[in-house]
Amino acid sequence: MAEVKYHDVSISLLKANDAISDDLIKRFNEHGTFTINLLSSPGSGKTMFLEKVLDYFDKERVCVFVGDLETERDAERIRKHGVHSFQIITGGTCHLEAIMIKQSLPLMPSDPDFLFIENVGNLVCPASYRLGEHLRIAMLSTPEGDDKILKYPKAFLTADALIINKSDLLPHLPFDIDKVREEAEKVRPDIEIFVTSALKGEGVETVARFIQEKREESVKTRTASN
Ligand code: MG
Ligand code: ZN
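Bear in mind that the values here come from a model prediction, so they are computed numbers and not experimental data.

Calculation criteria
Residues numbered from 1 in each chain as written. Chains lettered and ligands numbered in written order. Predicted model: local features only at pLDDT ≥ 70, side-chain atom pairs only at ≥ 80, totals over all residues. Heavy atoms only, no water. Helix = DSSP H or I, 4+ residues; strand = E, 2+ residues; numbered from the N terminus. Contact = heavy atoms within 4.5 Å. Donors = N, O, S within 2.8 Å, 3.2 Å for Na, K, Ca; no water. Buried < 20%, exposed > 50% of the residue type's maximum accessible area, 1.4 Å probe, protein only. Core = buried A, V, L, I, M, F, W, Y, C linked by side-chain atoms within 4.5 Å. Salt bridge = Lys/Arg side-chain N within 4 Å of Asp/Glu carboxyl O.

A. Quick peek at the environment of Lys 154. Within the secondary structure, Lys 154 is located in helix H6 (residues 153-157). For the pair formed by Lys 154 and Arg 188, sequence separation is 34 residues and the distance between their alpha carbons is 9.7 Å. In this structure, Lys 154 is in contact with Ala 127 and Ser 128, ignoring residues within four places of it in sequence.

Structure representation (structure tokens):
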């Protein structure tokens, strides 16, 4: 046998998380808050992407929660842009859980239109923990290599959208962007794919419009079903 497979996270733990996530979604829906869970490896550019994308939003109507093992650094970076931003320090836990979002809700200014959650940099367990999000975006940056989709399929198959970031480095790297697109669509046929350079601000506005459209769709669906 060439490989051994096993499950590393217990089912009951994930069920408990799912129940809290469902409660969170209900609460967010009642208050008109559209929630985005952004996940990637460390160093893919999540924080810089948020710093850039938030320019296309009404900053007063946005809140950001940033998950990290330690330090307030990323929340501070985002706060400098005039956005309500709060750090969730996991103290060693390598992913965010729905309970952490629930406990952080009192920090949130009243009922923002958008709540962005920057997950802890990690492509493995964040994929298993729903955080009450309406939209899950996975980010992959070009220096990480073009082989990551099939290595970390769960992160991408649970994602509604894929952002390929650091496109400015493409001329310098052996990164096959078509292969990444193909593999992403193999694991998740309806995935939306965006190519960005957060550093240069390229492709970022398109993602902002996509997120805003998704919120409008979600509000419409709910009004129609009421
Ligand atoms: Mg960060
Ligand atoms: Zn973890």
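Read on, since the account is not over.
B. The coordination of the magnesium ion (ligand 1), seen in detail. Bound to the magnesium ion (ligand 1) are the protein donor atoms Thr 47 (OG1), Asp 74 (OD) and Glu 118 (OE), situated 2.1 Å from the metal. In the primary structure, the donors to the magnesium ion (ligand 1) are separated according to the pattern T-x26-D-x43-E. Residue Thr 47 is located in helix H2 (residues 46-53), and its partner Glu 118 is located in strand E4 (residues 114-118); the two are separated by 71 residues in the primary sequence. Its relative accessible area of 3% is what places Glu 118 among the buried residues.

C. Expanded view of the nonpolar core. If you look at the biggest cluster of nonpolar residues, it comprises 28 residues, and the most contacted ones within it are Phe 49, Leu 54, Phe 57, Val 64, Phe 116 and Ile 211. Those elements that place two or more of their residues in this core are strand E1 (34-39), H2, strand E2 (62-68), helix H3 (73-79), E4, strand E5 (135-141), strand E6 (161-165) and helix H8 (204-225). It is H8 that contributes the most residues to this core, 5 residues altogether. Beyond its immediate sequence surroundings of up to four residues, Leu 54 is in contact with Lys 59, Val 62, Val 64, Ile 78, Val 83 and Phe 116. The next biggest cluster of nonpolar side chains, apart from the first, holds 17 residues, and it includes Leu 39, Ala 127, Phe 156 and Ile 177.

D. Structural view of the pattern of salt bridges. Scanning the model with the defined rule gives 16 salt bridges in all. In this structure, Glu 133 and Arg 136 form a salt bridge, with 2.8 Å as the shortest nitrogen-oxygen distance. With a shortest N-O distance of 3.5 Å, Asp 147 and Lys 151 are connected by a salt bridge. For Asp 147, a relative accessible area of 31% corresponds to the partly exposed category.

E. Spotlight on H2. Burial of H2 is extensive: 6 of the 8 residues sit out of reach of the surface. Turning to H2, its buried residues are Lys 46, Thr 47, Phe 49, Leu 50, Glu 51 and Val 53.

F. Looking closely at the coordination of the zinc ion (ligand 2). Within the protein, Cys 94 (SG), His 95 (ND1) and Cys 125 (SG) serve as the donor atoms for the zinc ion (ligand 2), at 2.0 to 2.2 Å. Sequence spacing of the donor residues for the zinc ion (ligand 2), all on one chain, is C-H-x29-C.

G. The arrangement of the environment of Gly 43 in detail. Residue position: Gly 43 is located in the loop between E1 and H2. Put simply, Gly 43 and Gly 121 are 78 residues apart on the chain and 7.4 Å apart in space, counted from C-alpha to C-alpha. Leave out the neighbours within four places in its chain, and Gly 43 touches Ser 141 and Lys 166.

H. Summary view of unusual backbone geometry. Even without being glycine, Thr 71 reaches a positive phi, approximately 70°. Topologically, Thr 71 is positioned in the loop between E2 and H3. At Asp 111, a position not held by glycine, the phi torsion is positive, near 45°. Within the element layout of this structure, Asp 111 appears in the loop between helix H4 (98-104) and E4.

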